[in-house]
Amino acid sequence: MFLALLRKAFRDITKRRVRSLLTLLGILIGVGGVVAIVSTGQSLAQAQQATYADASQADITYWVWNAPASLPRALDEIDNVRVSELRADFFTRCHWDAGARDVYLHGVTDFDDMQVDRVFLRAGRFPLTDGEAVIEESARSVIPLAFGDTLACRGSSGQPDRTFTIVGAIQTPNYPSASLLDYATLYAPSNDVIRLMGATGANGLRVKVDDIALANDTAREISRLLDRRQIQRDAPVVRDPANYLGKRELDALLAVLAIFSVVGLITSGFLVANTLAAIVTEQVSEIGILKALGGTRGQVLMVYLLSALVYGVVGTALGLVVGAFASWRLMLYIGALLNLTVVFQVSPLGIALGVFVGIGVALLAGMIPALVATRIPVKRALESYGITPTYGRGQLDRAVQRLVSLPPLAAMSVRNLARRPSRALVTMLVIGVAVATSLAAQAVSATVDTAIDDLFQTYRADAWVWFGEYVGDNMRAALTSVDGVERVEVWSLQNAWVSKDADDETESARARIWGLPADTELYIPKLIEGRWYGAGSSDGAVISTDLVESLGVRLGDPIQVDTAGERRTFRVVGITIDNSVFLGSEVAGKVFIPETVVAKMQRREGWATFFAASFTRHDVEGVRAQLDEITQTFKRYQIGSDSAVREVEGAKEQTRILTIALGAMSVLVGLIGALGVVNTITLNVLERRREIGVLRSIGASDINVMQAFLTEGLAFGVGGWVIGVLLGFPLGLVLVSVMEAVLFHLDYIFTPQMALISLGFALLITGGASLIPALAAARMKVKEVLRYE
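From a predicted model like this one, the values you see are computed outputs, not experimental measurements.

A word on the overall build of the protein. A count of helices and strands for the protein gives 25 helices and 20 strands. Counting across all 789 residues of the protein, residues that qualify as buried make up 56%. Taking as baseline every contact in the protein between residues at least 6 positions apart, the subset at least 24 positions apart corresponds to 83%.

Below is the structure:
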C-alpha cells in the first residue's frame, strides 16, 4: 500500500513539472542558505583561529622609540615571556610611475626567523638586502606593480625618499584586505624603515607570552623594565584571546544572514502549501473516488504528505549541493577580504540543519492541504469539477465585484483574486515576505551608513597628526600657526581593561581610553545621560553606551580602569553614543577622561604624541594638501597623519560585505516570491481554460488575454507590497537590533522612499513572473480550451 501511495505521489509531482520545479527551487534556496551560512560561519571562525595561531600573533604590543637591538635579550629574562621581537613601523606615502598610495611599512630584522606576527610568502622571495620589499598580496590590486618594479617612499625628519624593489608577495592575517583599509602594506628590512623614520632604533615591540591569562602582569613588568632603561613608550596593548580581526563583524553578518535564511524557508513553506493545495483542488474527484472505494482518511492524508515529503527530500538534496557550493564561494570571498587561508569544508551541523528544516518545513506546509483533503465529503467530491461554484456568495466576492473604476478587463482580473482567496492570500504573503526582506535590507544598509556619516557630527576634526617621539604639548600652538589650520587639540588614545567592581576583575571589558580636553571643540558628544566632565576634573569619566551594556554600569557608578601600567578609579558622570568602532576592533566601548589625567597615568606630563586638527578646507584634496604642508613644516620630526574623510570612507568600505550579503539574500527571497506568483497564475490559467476560450471566441486578442493575467499578477504585487510594508518595518528593526547587540549603537532608519522603492521591486517581480503564464494563456487555441473538462 505504501509503495502504491508513493508511486501516486511521484506521478502527481512529475505530471506538473513546471509547478513542481518552482516548488523545488523554493526549498533549494532556503536549504542552501542554511547550509551556506552555518558552514561559512564555522569554517571562517576555525580559519581565523588557526591562522592567528600559526602566525604567532603578538600577545602584548608596545609603541617605543629608538629601542636598541639588545632589548629582546633583556625581555627574555622576564617570567612568562616566550619570545619578543622589535619592528620598525612607518606610515607614509609611496609613488611609482603610474600613481601613488598611502603605505604602511613594517621593518623586519630577519625574515627567516620571524617568531611573532609571522607572514607567509605566497610568491617571489623575501628581501635579502636593503632596498627590497615584499607587498601584502591584496595590495597588488591597488599598487599594480610586478616583481622587479620599484616605488619610492617618502621619508620623515627631512630624510630623502627611499626606493624599494618589489621582490615577493606575502599574506598576513594581522591586517585585512587593502581594499578595506584603503592603504597598502609592505614589509622591508628594518634598517631601511628606520632610516626613513629618521630614527636610530625600532619603534615597535611585539611580545608572545606563555600564559595569556598573566599577560597584564607581564605587561607591567615589561613597562617597568622599559622605564628603567629610559626607553620612551606608550601604554601596552594586550591581546584579547577571545577576539580577533573581524570576529565581531562576521558574527553580525552571519546573524543577519541566518534571519534571512529563516525568512526564505518560511517562504518556501508557503510555496509547498500552495502547490499541494492546488493539487488537492484539482483532484477533488479523485479523492471522492478513493473514499468511495473504501480509502480511509489516513490513506488520503498519506498521499499528500508523501507528496510533501518527496518535495522536501528532493529539494533538500539539491539545496545541500547548492549550499555547499555557495559556502565555498562565500568563504573564498570573505577569506580574501580578511587575509585568511580558508580550507573548504561543509559543516556537519549545517547539513543536519539543512535536512531537518528542508524536510520539516515541507511536511509542515503540506499538513494543512492534506488535512483539508481528508475532510472533503464523498458526495461533494464526486460532483465537483475542481472549480468552486460558490463565487459571488461571500462578502469578499461581493466587495471586489463593486470595482467599477477600472477598465472591464482589469476589473475582471482583480475580481478573480477572490475566486481562490486562500491561494491569493498565500501568494500575497510570499510576495509580502520578499518585499519585507527588500525593505529590511534597505533599512539596515541605510542605518549603518547613517551611523558612519553621523561621525562628522561627533568628530569635528578633519585630521589627526601624531609624532614618533614625545614632543612638548606646546606643539599644539606650533601646529595652529600653520596657514590653513583652524584649531589643534592634544588627544590621546590607548586600550585598557575596564571593570565595574575593583575587586572583581572577571567582570571586565576591553575599552579604548580617549584623553580629550574638557573644553574640546573637536569632539561633540551625543550625551543621553549626565554631562561632560569639567575643567579640573580628576576622576570624572564619560562612557559609551556600548560599554554600559557590556558592564551594566549606570550614571554615578565607579569604574576601574587598568592600563596594564596603572589602575585608577573613575566615576561615570555621563553616557554618550559613539559608533566609531570599526572592523577589527577588539574593544567593547570607549571611556573619555581628561587628557591631563591620561598624561599623569602615562607619566608624560607636559608631553604629547597625538593631536586632532581642524582646517579651513574640509574636502579630501584640501585636507591632504594641508597634511602635506604640515609634514613639510615639521619635517625634522618623525610625523604621521590621517584624515577623517579617509577613515569614514574606509569604514563604509568595510560595510560592503554586509551590503552585498543583504542584496544577495533580498534577490534570493525575491526569487522565491516570483516563483510563488508563477505557480499561482499558472494554476489560474489551467483552471480558467474555458473562460479563456470564451474570451477568445468573442474576439479577445492575445494582448487582451495576456493583459488579464498580467493585471492579476500586478494586483498580487500591490497586495503583497501592502503586507510587505507592514512586515518590513519590524523585520528591519529586528535585524538592526541583532547587529546592534554585536556591533554598536544604531539609530534605525526607515523612510517613505524605501517603501516606494519596494513597490517598484514588488511590481517588477510580479510583473516579470506573470509574463510566463500569461504568454502560455495567450497561446491557447479556442477549440482545445472549450473542450477542456
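After that view of the structure, there is still more to cover.
All right, on to the side chain of Thr766 then. Residue placement: Thr766 occurs in helix α24 (residues 752–778). By relative accessible area, which is 0% here, Thr766 ends up buried. In this structure the side chain of Thr766 is engaged in a polar contact, spanning 2.7 Å, whose partner is the backbone oxygen of Ala762. Ignoring any residue separated from it by four or fewer positions in sequence, one finds Thr766 in contact with Ile431, Val677, Gly713, Leu714, Phe716 and Gly717.

Turning to a nonpolar patch on the surface, a few remarks are in order. Taken together, the side chains of Leu309, Val313, Val314, Leu318 and Leu363 define a hydrophobic patch exposed on the protein surface, amounting to about 330 Å² of accessible area. Take the nonpolar patch: its biggest share by element is four residues, from helix α9 (residues 297–337). Inspection of the secondary structure assignment puts Leu309 in helix α9. By relative accessible area, Leu309 is classed as partly exposed at 31%.

To continue, consider the state of the cysteines. All chains considered together, the criterion is met by one disulfide. Two residues, Cys94 and Cys153, share a disulfide whose sulfurs are 2.0 Å apart. Between Cys94 and Cys153 the sulfur-sulfur dihedral comes to about 105°; the bridge is accordingly right-handed. Taken together, the residues span a long stretch of sequence, with Cys94 in strand β2 (residues 81–96) and Cys153 in strand β6 (residues 150–153) at a distance of 59 residues. Note on accessibility: Cys94 and Cys153 belong to one class, buried.

Our focus in this paragraph is α24. It helps to recall that an α-helix has 3.6 residues per turn; residues three or four apart then point in one direction. Over its 27 residues, α24 runs 38 Å from end to end, which matches the ideal 39 Å to within 8%, given 1.5 Å per residue. The sharpest bend along α24 comes to roughly 30°, located at Leu771, with the proline Pro773 sitting one to four residues further on.

Now for the packing of aromatic side chains. Taken as a whole and judged by the stated rule, the model has 19 aromatic pairs. Between Tyr459 and Trp464, the ring centres sit 6.4 Å apart and the planes meet at 70°, which makes this aromatic pair edge-to-face. A relative accessible area of 8% places Tyr459 in the buried class. With a relative accessible area of 8%, Trp464 lands in the buried category. On the numbers, 5.2 Å between centres and 65° between planes, the contact of Phe729 with Tyr748 is edge-to-face. Residue Phe729 is found in helix α23 (residues 702–742), and its partner Tyr748 is found in the loop between α23 and α24; the two are separated by 19 residues along the sequence. When its relative accessible area of 39% is taken as the criterion, Phe729 is described as partly exposed. Here a set of aromatic residues connected by ring pairs shows up, and it is made of Tyr459, Trp464, Trp491, Trp514, Tyr523, Trp532, Tyr533 and Phe592. For the cation-ring pair, Arg329 lies above Trp328, with the distance from its terminal atom to the ring centre recorded as 5.0 Å.

Residues Val444 and Phe709 are the most contacted members of the largest nonpolar core, which totals 62 residues. The greatest single-element share of this core, amounting to 15 residues, is contributed by helix α14 (residues 421–453). In terms of nonpolar packing, the next biggest core, distinct from the first, is built from 28 residues, Leu105, Leu145, Cys153 and Ala169 among them.

Here the focus is the pattern of salt bridges. Under the criterion given, the structure shown has 22 salt bridges. A salt bridge links Arg87 to Glu85; its shortest N-O distance comes to 2.9 Å. Given a relative accessible area of 3%, Arg87 falls into the buried group. With a relative accessible area of 11%, Glu85 lands in the buried category. The salt bridge partner of Asp562 is Arg567, with a shortest N-O separation of 3.4 Å. Overall, Arg567 belongs to the partly exposed group, its relative accessible area being 40%. Because the salt bridges share partners, they merge into one network encompassing Asp130, Arg162, Asp192 and Arg195.

Turning to α14, a few remarks are in order. Given a rise of 1.5 Å per residue, 33 residues ought to cover 48 Å, and the 46 Å separating the end C-alpha atoms of α14 matches this to within 8%. Along α14, 24 of the 33 residues are buried, which leaves the element largely enclosed by surrounding structure.

Let's shift gears to the environment of Arg624. Structurally, Arg624 can be placed in helix α19 (residues 620–633). By relative accessible area, which is 31% here, Arg624 ends up partly exposed. Counting along the chain gives 19 residues from Arg624 to Ser643, while the straight-line C-alpha distance between them is 7.5 Å. With sequence-adjacent residues up to four places away left out, Arg624 is seen in contact with Arg93 and Asp102.

What counts and what doesn't
- Residues numbered from 1 in each chain as written.
- Predicted model: local features only at pLDDT ≥ 70, side-chain atom pairs only at ≥ 80, totals over all residues.
- Heavy atoms only, no water.
- Helix = DSSP H or I, 4+ residues; strand = E, 2+ residues; numbered from the N terminus.
- Buried < 20%, exposed > 50% of the residue type's maximum accessible area, 1.4 Å probe, protein only.
- Contact = heavy atoms within 4.5 Å.
- Polar contact = N/O pair within 3.5 Å; in protein donor to acceptor, adjacent residues only side chain to side chain.
- Patch = residues over 30% accessible without salt bridge, like charges linked within 9 Å, V, L, I, M, F, W, Y side chains within 5 Å.
- Areas by Shrake-Rupley, 256 points an atom, 1.4 Å probe, with all protein chains shown as cover.
- Salt bridge = Lys/Arg side-chain N within 4 Å of Asp/Glu carboxyl O.
- Disulfide = S-S within 2.5 Å.
- Expected span 1.5 Å × (residues − 1).
- Bend = angle between axes of the 7 residues up to and from the residue.
- Phe/Tyr/Trp six-rings, centres within 6.5 Å; stacked < 30°, edge-to-face > 60°.
- Lys NZ or Arg CZ within 6 Å of the ring centre and 35° of its normal.
- Core = buried A, V, L, I, M, F, W, Y, C linked by side-chain atoms within 4.5 Å.

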